[in-house]
Amino acid sequence: EAGVAQSPRYKIIEKRQSVAFWCNPISGHATLYWYQQILGQGPKLLIQFQNNGVVDDSQLPKDRFSAERLKGVDSTLKIQPAKLEDSAVYLCASSSTGALTEAFFGQGTRLTVV
Amino acid sequence: EDQVTQSPEALRLQEGESSSLNCSYTVSGLRGLFWYRQDPGKGPEFLFTLYSAGEEKEKERLKATLTKKESFLHITAPKPEDSATYLCAVQASGSARQLTFGSGTQLTVLP
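So, here is what we can say about the structure in this document.

How each quantity is defined
- Residues numbered from 1 in each chain as written.
- Chains lettered and ligands numbered in written order.
- Predicted model: local features only at pLDDT ≥ 70, side-chain atom pairs only at ≥ 80, totals over all residues.
- Heavy atoms only, no water.
- Helix = DSSP H or I, 4+ residues; strand = E, 2+ residues; numbered from the N terminus.
- Rg over C-alpha atoms; globule rule 2.2 N^0.38 Å.
- Contact = heavy atoms within 4.5 Å.
- Areas by Shrake-Rupley, 256 points an atom, 1.4 Å probe, with all protein chains shown as cover.
- Lys, Arg positive; Asp, Glu negative; His and termini not counted.
- Charge placed at Lys NZ, Arg CZ, Asp CG, Glu CD.
- Pairing = 2+ DSSP bridges.
- Axes fitted to C-alpha atoms, helices over the stretch in contact; angles between N-to-C directions.
- Phe/Tyr/Trp six-rings, centres within 6.5 Å; stacked < 30°, edge-to-face > 60°.
- Buried < 20%, exposed > 50% of the residue type's maximum accessible area, 1.4 Å probe, protein only.

Secondary structure summary: chain B contains 0 helices and 11 strands in total. Sequence-ordered secondary structure for chain B, helices as α and strands as β, is β-β-β-β-β-β-β-β-β-β-β. Its C-alpha atoms give chain B a radius of gyration of 14 Å, near enough to 13 Å, the size a compact globule of 111 residues would have. Sequence separation of at least 24 residues holds for 55% of the intrachain contacts in chain B that already meet a minimum separation of 6. For chain B, the accessible surface area stands at approximately 5,400 Å², while carbon and sulfur atoms represent 46% of it. Charged side chains of chain B number 12 positive and 14 negative; the gap between the two group centres comes to 4 Å.

With that out of the way, let us pick up the sheet that holds strand 6 (residues 56–59) of chain B. Residues and elements named next belong to chain B. Strand order in the open sheet formed by 5 strands is 1-3-8-7-6, with antiparallel pairing between adjacent strands. Single-partner strands in this sheet number two, and they are strand 1 (3–7) and strand 6. Sheet twist, expressed as the average angle between the axes of neighbouring strands with direction ignored, equals 15 degrees. Sheet analysis places strand 3 (residues 19–26) next to strand 8 (residues 70–75), joined by 6 bridges and oriented antiparallel.

A separate point is the packing of aromatic side chains. Enumeration according to the criterion identifies 10 aromatic pairs over all chains in this entry. When the centroid spacing of 5.9 Å and the interplanar angle of 35 degrees are considered together, the rings of A:Tyr33 and A:Tyr35 count as tilted. The same class applies to A:Tyr33 as to A:Tyr35, namely buried. Seen in terms of ring centroids, B:Tyr36 and B:Phe46 are 5.9 Å apart; in terms of plane orientation they differ by 70 degrees. Their pairing is edge-to-face.

Let us look at the sheet that holds strand 8 (residues 75–79) of chain A. Residue and element names in this part refer to chain A. Taken together, 4 strands build an open sheet; the order of strands is 1-3-8-7 and the sheet is antiparallel. Across the chains shown, the open sheet's two edge strands, defined by having one partner strand only, are strand 1 (5–7) and strand 7 (65–68). Direction aside, neighbouring strands of the sheet carry axes that sit 15 degrees apart on average. Pairing of strand 7 with strand 8 involves 4 bridges; the strand directions are antiparallel. Within the sheet, the bridge partner assigned to phenylalanine 65 lies in strand 8 and is isoleucine 79.

These figures capture arrangement, not role.
Okay, structure coming up:
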């Protein structure tokens, strides 16, 4: 079974530029998450989708971050404009909606804002 | 608000020296508690799910246990390849299914 795919793996941008990350979840997983992981910390939820609807985006900085999940499959997370404090690893995860609720993670995109 | 606290922050063990990692949690109705392993430069890798107090799960040298307030990850006779950051997360009851993570325990096993 293929895992969660993310791209790019690494990205370096200057502050005030924009950037986009892509995620393809495990086939058949209705729930998709985007997490931000700052060095030395645990992942923090940014946004959660169920199919193509948003379940929770309470911790998403909506003035600069946006996310969409078209057709309930792939998802894109965008930052515009980026700030230095956005430097982090952005993790995508997916889970099924059945009894087994564990989430499976991609390798992440490491963003460095200079 | 759901909270997860992991201790210690870092742990260094000699190969074969058994120990335990702690995860204390506060959640409004626990749906599940999850343990993940994270290697440098990689995403978290799922290890265990625990659903109710008293439950135990084992995998190779790892055993996870759960009480109403905390979970332990016991590591028996660890090997250098067990070196990683171990993350604990809770999922509250309800339809949302968000995971709230702790900051992790960075485990180093010396040969």
